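The chain contents come next:
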Amino acid sequence: MLTTIVAMATGDFNGDAWADLVIAEKDSNSAVLWLNDQTGRFSRGPVVSLAGTPLTLAAADLTGDTHLDLIATLATAGSTLVLCKGDGGGGFDAPITLPIGGTLSYLRVGDLNDDDQPDLVVSSSSGTTVAVLLNEGNLAFATTHHAAGSSPQGIALGDFDHDGVPDLAVAGSSAGTAVVSVLIGAGDGSFAPRVEYSVSGTTFLSTLEAGDCDGDLHDDLVVSHAIHGAIAILWNDGSGAFVQQEDYPLRSQTDAGARLVLADFDGDGRLDIAATDVKGYFGRSWISFWLNRGNRVFDTSIRYWV
């Protein structure tokens with residue numbers, strides 16, 4: 001049977017100091033652990049049955065026991081976040097669910113209140129808020145909701161105002177205009193009211209990533225258009241405000257929302273951009289790369305069929 005993979009997470013799930021993979025399978029409504037045999041090959045391991053169709057997946061030690069746990073958002077049972085506690089040996093306890101509200105879409109993990117415990121941020125595409133879940137230990141969370149525009153999608157965490165405190169950015173819309181909302185963190189898990197930055201060329205946004213793309217030590221934002229097949233860069237002016245949007249087209253002009261990765265792919269110390277191009281020509285999918293040449297200049301994209 002063909003399997004549709006919708007999300008993936010990595011980490012050492014069985015305590016052997018080698019990175020394993022967990023893959024979310026849409027067709028079976030499950031998460032499957034693939035164990036690293038320490039040669040870079042993987043064997044299929046335990047299967048975790050989820051309560052619905054998975055959409056996003058993350059791994060973090062939520063309980064402080066040094067064992068990685070799984071977090072998943074579901075596309076069908078849309079108001080629910082699923083947590084699976086890891087046993088450190090490659091197994092997982094039965095999933096537990098947390099009601100969040102709305103149709104969940106994207107998920108981020110980070111320590112938002114400086115207590116050395118991973119917290120969660122979840123967007124709800126059917127609402128106007130993101131949920132911030134502060135970790136209270138033992139898989140318990142205190143949840144607050146923050147205004148983030150209409151149909152919030154992609155989430156990014158970064159230190160946008162360079163004060164050492166995590167800030168939050170959310171891709172969404174406002175009055176029919178695509179916007180990125182930036183919420184400056186206070187360091188205790190709370191956030192200032194959002195500031196909107198318009199993104200031209202589309203009415204709807206998808207994924208969002210944060211990283212220092214121009215080497216000025218301030219995190220910029222890279223966001224994918226959900227309709228018109230492009231990505232946009234919003235440059236941080238150094239104060240936590242964003243200016244001068246630049247667009248880079250994907251191969252397909254009708255892509256349903258590229259997935260983004262920021263990494264130094266060519267070893268020159270600069271963050272490059274990779275994006276999925278789901279539709280492509282002739283029904284093929286693509287991965288597009290933009291290599292960073294410094295001074296806010298990126299090469300014309302290199303594309304690979306997959």
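Residues numbered from 1 in each chain as written. Predicted model: local features only at pLDDT ≥ 70, side-chain atom pairs only at ≥ 80, totals over all residues. Heavy atoms only, no water.

Novice: I'd like to hear about the sheet that holds strand 18 (residues 220–225), residue by residue, with values.
Specialist: Spatially, 4 strands are ordered 17-18-19-20 in an open sheet, and the strand pairing comes out antiparallel. Looking at strand neighbours, the two that pair on one side only are strand 17 (205–211) and strand 20 (242–249), the edges of this open sheet. Sheet twist, expressed as the average angle between the axes of neighbouring strands with direction ignored, equals 20 degrees. Alignment of strand 19 (residues 230–236) against strand 20, held across 6 bridges, turns out to be antiparallel. Each residue of the ladder has a partner; that of A230, found in strand 20, is P249. (Pairing = 2+ DSSP bridges. Helix = DSSP H or I, 4+ residues; strand = E, 2+ residues; numbered from the N terminus. Axes fitted to C-alpha atoms, helices over the stretch in contact; angles between N-to-C directions.)

Novice: Explain the pattern of salt bridges to me, using residue names and the numbers behind them.
Specialist: Pairing of side chains with opposite charge becomes possible as their charged atoms draw close. Enumeration according to the criterion identifies 8 salt bridges in this entry. Notably, a salt bridge pairs R44 with E25, separated by 3.5 Å at the nearest N-O pair. One end of the pair, R44, is in strand 4 (residues 42–49); the other, E25, is in strand 2 (residues 20–25), and 19 residues separate them in sequence. Judged by relative accessible area, R44 falls into the partly exposed class, the value being 46%. Here E209 ties to R108 by a salt bridge, and the two come within 2.8 Å at their closest N and O atoms. Separated by 101 residues along the polypeptide, E209 in strand 17 and R108 in strand 9 (residues 104–110) bring together distant segments of the chain. (Salt bridge = Lys/Arg side-chain N within 4 Å of Asp/Glu carboxyl O. Buried < 20%, exposed > 50% of the residue type's maximum accessible area, 1.4 Å probe, protein only.)

Novice: Outline the pairing of strand 9, supporting the account with residue identities and numerical values.
Specialist: Every other side chain in a regular strand lies on the same face of the sheet, so the side chains alternate between the two faces. Strand 9 sits mainly inside the fold: 5 of its 7 residues count as buried. Bridge count between strand 9 and strand 10 (residues 119–124): 5 bridges; the pairing is antiparallel. For R108, the partnering residue across the bridge sits in strand 10 and is V121.

Novice: Could you give me a rundown of the sheet that holds strand 10, with the residues and numbers involved?
Specialist: Taken in spatial order, the 4 strands of this open sheet run 9-10-11-12, and their pairing is antiparallel. For this open sheet the edge positions go to strand 9 and strand 12 (140–147), each flanked by a neighbour on one side alone. Strand after strand, the sheet turns through a mean of 20 degrees between neighbouring axes, direction not considered. Pairing of strand 11 (residues 129–137) with strand 12, which is carried by 8 bridges, proceeds in the antiparallel orientation. Pairing of N135 across the sheet is with F141, part of strand 12.

Novice: Tell me about the nonpolar core, and please be specific about residues and values.
Specialist: Of all hydrophobic cores here, the largest spans 17 residues; its most connected members are V22, L50, L57, L70, C84 and F92. Contributions of two or more residues to this core are made by strand 1 (5–11), strand 2, strand 3 (30–36), strand 6 (69–74) and strand 7 (80–84). Once you skip the residues sitting within four places of it in the chain, L57 turns out to touch A7, M8, A9, V22, I23, A24, L70, I71, A72 and L107. (Core = buried A, V, L, I, M, F, W, Y, C linked by side-chain atoms within 4.5 Å. Contact = heavy atoms within 4.5 Å.)

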